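Chain and residue survey
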Amino acid sequence: MPVTNTKIFDWRKRRSWLASIRHYAGHVLTAELRGYLLQERPECWSDNLSWLPDSRYILSEFVSGLTGYYTHFKGFHGCRPLRLSSYYEEGLLGQNSDLLCDMFRKIFSDAPKAHVESVIKQFSDRSDGERGAMWLVGSDQFLIKECGHYLIQGSEYVMALAAHLGHSPSGEDYRFRLRNYGIPTILEVDVPVCLVPATQHVEVAKMILSEWGQLAARRPMPFGDDPPCYVVRQNIPPECVRDHYHPERIIDPHQGRRPYTNHLLTCDMCG
Ligand SMILES: [Zn+2]
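Structure report, in brief. (Residues numbered from 1 in each chain as written. Predicted model: local features only at pLDDT ≥ 70, side-chain atom pairs only at ≥ 80, totals over all residues. Heavy atoms only, no water.)

What to know about the overall build of the protein
Convention followed: Going along the chain from the N terminus, every DSSP run of H or I of four or more residues is numbered as a helix, and every run of E of two or more is numbered as a strand. Only protein chains enter the accessibility calculation, which uses a 1.4 Å probe; a residue whose area is less than 20% of its type maximum is buried, one above 50% is exposed, and one in between is partly exposed. Two residues form a contact once any of their heavy atoms are found within 4.5 Å. What sets the accessible areas is the Shrake-Rupley method with a 1.4 Å probe; for residues, cover comes only from the shown protein chains.
When you go through the protein residue by residue, the secondary structure sums to 11 helices and 8 strands. Residues classed as buried in the protein amount to 49% of the 271 residues present. In the protein, of all internal contacts separated by at least 6 residues, the share reaching a separation of at least 24 is 82%. Carbon and sulfur atoms make up 51% of the accessible area of the protein, which amounts to about 14,200 Å² in all.

Following this line, the structure appears as structure tokens:
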């Protein structure tokens, strides 16, 4: 694939994307508008753009500017795969429940087979709506601090299967067995803008507008900076996988936010 003008929106690089706004939205975010905001000093929310005059027009212009300027959104995906090579060879194939079910059968091969199969059957009926949905966020630190369960226990689908399987005769909680398989991993993925649904383009645009407005109005808002979320329902090709790593310390939301120490720091694809 020839390297064309790749422009990647990376939520972590706030100064960079703030500085780039003028390249694609200078015609709507004008000096006059900045002057107005500085004078009025409104609260520049992201989920309510009433602080922005003519907000419907500005938002729609901003979204088309943003998605025309950037070619990719940088997203991070937390997982606990058995091997990493498939991501580099095949890309991210979404929630492939057949593969996940095979993994589940292997991990719980000692549990009564009929019970395992009945749990799988219960879920196969309801998995269609979720099939292929892949969840990425704009910040790897957010994954480690707020969504560590994806790295510690792996796929939510397999976790739900294990929860339904319950306990072993000796009292083992099957969910915790998942912590013995796979390697906690963060994948760094440049997601082509066209693979991200339009509703999420709008969400990202609102978040950027809010940040821009707070600066213009000189009125920082007291909310955290949760990164944008990208839910992709198509396969992401392997060339979009930019990098990966295995964090050593992960906050465990299922254990009272205690830090979890990961001792598996290399994999089949670590260079
Ligand atoms: Zn690795």
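So that's the structure; there's more coming.
Observations concerning the coordination of the zinc ion
Counted only if it meets this: For Na, K and Ca the donor cut-off is 3.2 Å; for every other metal, N, O and S atoms count as donors within 2.8 Å. Water does not enter the count, which can leave sites looking incomplete. Key to geometry: four donors with every angle between 85 and 135 degrees are tetrahedral; four donors are square planar and six octahedral where opposite donors lie over 155 degrees apart and all remaining angles lie between 65 and 115; all other sites are irregular.
Around the zinc ion, the protein supplies His244 (NE2), His246 (NE2), Cys267 (SG) and Cys270 (SG) as donor atoms, at distances of 2.0 to 2.3 Å. Between the 4 donor atoms coordinating the zinc ion, the angles at the centre fall across 103 to 119°, so the site counts as tetrahedral. Sequence spacing of the donor residues for the zinc ion, all on one chain, is H-x1-H-x20-C-x2-C. You can see His244 sitting in strand 6 (residues 241-245) and its partner Cys270 sitting in the segment after strand 8 (258-261), a full 26 residues away along the chain.

Comments concerning the environment of Pro81
Along the chain, the position of Pro81 falls in the loop between strand 2 (72-79) and helix 4 (85-90). Expressed as a C-alpha distance, the spacing of Pro81 and Tyr181, which sit 100 residues apart in the sequence, is 7.9 Å. Leave out the neighbours within four places in its chain, and Pro81 touches Tyr87, Gly182, Ile183 and Thr185.

Notes on the nonpolar core
Here is the rule we go by: Definition of nonpolar core: a set of buried residues of the types Ala, Val, Leu, Ile, Met, Phe, Trp, Tyr and Cys, connected through side-chain atoms within 4.5 Å.
Counting residues in hydrophobic clusters, the biggest one holds 50 residues, and the most contacted among them are Phe9, Ile21, Tyr24, Leu29, Phe62, Ile208 and Ile236. Mapped by element, the contributors of at least two residues to this core are helix 1 (14-25), helix 2 (31-40), helix 3 (55-69), strand 2, strand 3 (134-137), strand 4 (185-192), helix 11 (198-217) and strand 5 (229-232). Of the residues forming this core, the biggest block, 8 residues, is contributed by helix 11. In contact with Phe62, not counting residues within four places along its chain, are Ile21, Tyr24, Ala25, Leu29, Ala205, Ile208 and Leu209. Core analysis: the next-biggest nonpolar cluster, separate from the first, contains 18 residues, Ile107, Phe108, Val119 and Val158 among them.

Here's the deal with helix 5 (residues 97-107)
Short version of the rule: What the arc covers is the set of directions going from the helix axis to the C-beta atoms.
Residues Ser97, Leu100, Cys101, Phe104 and Ile107 constitute the buried set of helix 5. Along the axis of helix 5, the buried positions cluster into a sector of 125°, meaning they face one direction only. For helix 5, the exposed residues set more than 90 degrees away from the buried face come down to Asp98, Leu99 and Lys106.

Things to note about the packing of helix 3 against helix 11
Stated precisely, the cut-off is as follows: For helices, the fitted line uses only the C-alpha atoms of the stretch in contact; every axis is such a line through C-alpha atoms, and the angle between N-to-C directions lies from 0 to 180 degrees. Throughout this description, any angle smaller than 35 degrees is read as roughly parallel, any larger than 145 degrees as roughly antiparallel, any in the 65 to 115 degree range as roughly perpendicular, and the remainder as oblique. Each residue receives one of three labels: charged for Asp, Glu, Lys and Arg, nonpolar for Ala, Val, Leu, Ile, Met, Phe, Trp, Tyr, Cys and Pro, and polar for the others, Gly being one of them.
Two elements in contact, helix 3 and helix 11, have axes separated by 9 Å at closest approach and are oriented at 105°. When the axes of helix 3 and helix 11 are compared, the pair comes out roughly perpendicular. Taken together, the residues of helix 11 that come into contact with helix 3 (itself represented by Leu59, Phe62, Val63, Leu66 and Thr67) are His201, Val202, Val204, Ala205, Lys206, Ile208 and Leu209. Counted by class, the contact of helix 3 with helix 11 contains 9 nonpolar, 2 polar and 1 charged residues.

Let's talk about the packing of aromatic side chains
Cut-off, in case you're wondering: Note on ring pairs: Phe, Tyr and Trp rings are taken, using the six-membered ring of Trp, and paired if centres are within 6.5 Å. Classes follow the plane angle, with under 30 degrees stacked, over 60 edge-to-face and the rest tilted.
By the definition in use, this model includes 14 aromatic pairs. Considering the side-chain rings of Tyr69 and Tyr70, the 4.9 Å spacing of their centres and the 90° angle between planes classify their relative orientation as edge-to-face. Tyr70 matches Tyr69 in its accessibility class, with the two residues each being buried.

Observations concerning the side chain of Thr185
What counts, and what does not: In the analysis that follows, any N or O atom pair within 3.5 Å is treated as a polar contact, provided that within protein one partner can donate a hydrogen and the other can accept it, and provided that, for residues neighboring in sequence, both atoms belong to side chains.
When you line up the elements, Thr185 lands in strand 4. At 2.6 Å, the side chain of Thr185 forms a polar contact with the backbone oxygen of Ile183. Here Thr185 is in contact with His77, Gly78, Cys79, Pro81, Leu84, Leu151, His244, Tyr245 and His246, once residues within four sequence places are set aside.

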